[in-house]
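Coordinates in review
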Amino acid sequence: MSAWRAAGLNYINYSNIAARLLRQALKPEFRAEAAKRDVSAIKINKWVDGKPLSK
Amino acid sequence: MLGRFGNLVPVVAQNAPLQQQQRGMATLKSISMRLKSVKNIQKITQSMKMVSAAKYSRAERELKQTRPIGSGATQFYEKAEIVAPQDMPQKLLIAITSDRGLCGAVHTSVARLIRNELNADNQNLKVVCVGDKSRLILQRLYGKNIILAANEIGRLPPSFNDASKLTDAILKSEYSFGSGQIVYNQFKSVVSYRTQTLPVFSLAAVKTAPKLPVYDSLDDEVIQSYLEFSLASLIYYAMKEGACSEQSSRMTAMDNASKNAGEMIDKLTLTFNRTRQAVITRELIEIISGASAL
Amino acid sequence: MAAMRSVSRLLTRRTLNTVVTRGYADEMSFTFAAGNQVFYDAQSVRQVDVPSFSGAFGILPKHVPTLAVLKPGVVTVFENDGKVKKIFVSSGTVTINDDSSVQVLAEEAAPVENIDISAAKEVLGKAQSQLSSATTDQQRAEASIAVEVGEALVKAAE
């Protein structure tokens, strides 16, 4: 088993880190465009018994 | 008794000539007020249409870029002929909608499909609501079946990051499911979309697939990572399809609303002019009859 | 005969992106799509080399069906006309089906020439200092992923 999975990460986390770093390593003219893909507005709430689990 | 008398008053008032004149004047004003508000509404719907037209063209462009991802991610499921495992009846439904309304029936049709599934069996089904709209529709009856609700969707075009955050949350939700479905609206053309489902499978389902041995040198970790990434790709693809359907549907809805407002404006202008004419005529008659009475 | 083959090839090309394709024995239908860009959509290519967790491997037509998970690195595509394209992928999946269709899906991908060597070195440097200052298991795992990506980036850009 890979070290990252043993540490509680999944491939999605792995992929996210790799994609973010690739975007940072692009030439400046592509970097600005790529940085737009870094943003994510989504908010996720857990629900239990028909109610959102308040933080 | 009093109530009946109260009912009579407006009838009497309407029949009185003096009241009628005042009512006519008031109508003229109320018509012009209504006319103004309908014109304002038309302006709003028209600008919303323009905005969603711009958003739609971008969403469609991006959708074309995403389609290979969606078809690529489903290919393995289809070709390996994976079916839902018998011994794991737990299912997961992922509703892809957004936070925003005024776009026809896109959100309700997704929610309806899920509600039908829940009506049939609400024991082994859990729902992930993406977008406030599906959550609002489902929470009253099936709030207990919701395990995750995501919002802040629809303002910006969906990104892969959104999809992977959602996938991460699903994977870490500790709900073990045998199979699942992503319910979304597939974009057909500007005027049509279809509510579709994409299959999702768990590691257990894939491992028992009859055609899996055809695939060479697999270990569980590879399949698990593969499935995790596939789920993110599928959600990303479904979000793109959903966003495109939503914008196109909003565009059509707003176009219709502008047209309806236009018709109302025409009718109201006609009534307004007629009423104004009637008022002028009546005033003239009053003056003339007043003069001839002297 | 040759004419017939080219006609049928044209036909398959046209239907490729809508239906499941049945590739020819000596051809593969190669799809390479990333979250940011589509590089190939069911095109026929000669060979593809991909970096995966079980080691880098080359895919030729009629490759045995398999699944693999991508590791950050360079995907090399040998096109039919002899052109060679090198594209850096962050992560993703490779699917090889029994009908010779190959799908590479990546979260983020960019042609190697778009990578800036100094930026890549900076990424690697940051990752290394992150790794040395990591205290928890999770931080260490994240940082070592970052080092892996950084090394691959520097290697690709050189």
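Residues numbered from 1 in each chain as written. Chains lettered and ligands numbered in written order. Predicted model: local features only at pLDDT ≥ 70, side-chain atom pairs only at ≥ 80, totals over all residues. Heavy atoms only, no water.

Digging into the nonpolar core
Most often, soluble globular proteins have nonpolar side chains that are buried together. To keep things clear, this is the line we draw: Buried Ala, Val, Leu, Ile, Met, Phe, Trp, Tyr and Cys residues that are joined via side-chain atoms within 4.5 Å together make up what is termed a nonpolar core. Exposure classes here rest on a 1.4 Å probe applied to the protein chains alone. A residue is buried below 20% of its type maximum, exposed above 50%, and partly exposed in between. Strands here are runs of E lasting at least two residues and helices are runs of H or I lasting at least four, both read from the DSSP assignment and numbered beginning at the N terminus. The split of the chain into domains comes from an automatic or database domain assignment.
Residues B:Phe76, B:Ile94, B:Ile235 and C:Phe32 are the most contacted members of the largest nonpolar core, which totals 101 residues. Looking at this core element by element, the count peaks at 13 residues for helix 7 (residues 220-293) of chain B. A domain-level breakdown of this core finds at least three residues from each of domain 1 (23-113) and domain 2 (116-157) of chain C.

Overview of the environment of C:Val45
All names here are of chain C. As a reminder, the rule being used: Contacts are assigned to residue pairs that have any heavy atoms within 4.5 Å of one another.
Mapping Val45 onto the fold places it in strand 2 (residues 38-50). Val45 sits 16 residues away from Ser29 along the chain, and the two C-alpha atoms are 7.2 Å apart. In this structure Val45 touches Met28, Phe30, Tyr40, Val77, Phe78, Glu79 and Asn80, once residues within four positions along its chain are discounted.

Describing the packing of helix 5 (residues 160-171) of chain B against helix 7 of chain B
All names here are of chain B. Just so we agree on the cut-off: Interaxial angle, 0 to 180 degrees, is taken between N-to-C directions of lines fitted to C-alpha atoms, where a helix line uses only the stretch in contact. Angular relationships are summarised with four words: roughly parallel below 35 degrees, roughly antiparallel beyond 145, roughly perpendicular across 65 to 115, and oblique for the angles in between. Left-handed is the label given to a crossing in which the near helix is rotated counterclockwise from the far helix by less than a right angle, and right-handed is the label when the rotation is clockwise. Each residue is assigned to one class: nonpolar for Ala, Val, Leu, Ile, Met, Phe, Trp, Tyr, Cys and Pro, charged for Asp, Glu, Lys and Arg, and polar for all the others, Gly among them.
One way to put it is that helix 5 packs onto helix 7 with a least axis distance of 8 Å and a crossing angle of 130°. The angle between helix 5 and helix 7 places the two elements in the oblique class. At the point where helix 5 passes helix 7, the crossing takes the right-handed sense. Note on element contacts: helix 7 touches helix 5 through Glu228, Phe229, Leu231, Ala232, Ser233, Ile235, Tyr236 and Met239, opposite Phe160, Asp162, Ala163, Ser164, Leu166, Thr167, Ile170 and Leu171. Grouping the amino acids of the contact of helix 5 with helix 7 by side-chain chemistry returns 11 nonpolar, three polar and two charged.

Here's the deal with the sheet that holds strand 3 (residues 146-151) of chain B
This is how the line gets drawn: Whether two strands pair comes down to DSSP finding at least two bridges between them.
As summarised here, the arrangement of the seven strands in space is 2(A)-1(A)-3(B)-2(B)-1(B)-4(B)-5(B), forming an open sheet in which the pairing is mixed. The sheet terminates laterally at strand 2 (51-52) of chain A together with strand 5 (192-201) of chain B, the two strands that pair on one side only. Pairing between strand 1 (residues 91-96) of chain B and strand 2 (residues 125-130) of chain B: six bridges, direction parallel. Of the residues in strand 2 of chain B, the one forming a bridge with B:Lys91 is B:Leu125. Docked against the sheet, helix 3 (residues 106-120) of chain B engages strand 1, strand 2, strand 4 (179-189) and strand 5 of chain B, running at close to 150° with respect to strand 4 of chain B.

Quick look at the interface of chain A and chain C
Heads up, the rule is: When two parts are put together, the accessible area they lose, computed with a 1.4 Å probe and summed over both, is reported as buried area. Salt-bridge detection follows one rule: a side-chain nitrogen of Lys or Arg within 4 Å of a carboxyl oxygen of Asp or Glu.
Between chain A and chain C, the residue contacts involve 22 residues of the former and 30 residues of the latter. In total, chain A and chain C occlude about 2200 Å² of area from one another, counting both sides; carbon and sulfur atoms represent 68% of this. Put simply, chain A and chain C have two salt bridges between them. Between C:Glu108 and A:Arg37 there is a salt bridge whose closest N-O contact spans 2.6 Å. Contributions of two or more residues to the side of chain A that touches chain C are made by helix 2 (11-24) and helix 3 (28-35) of chain A.

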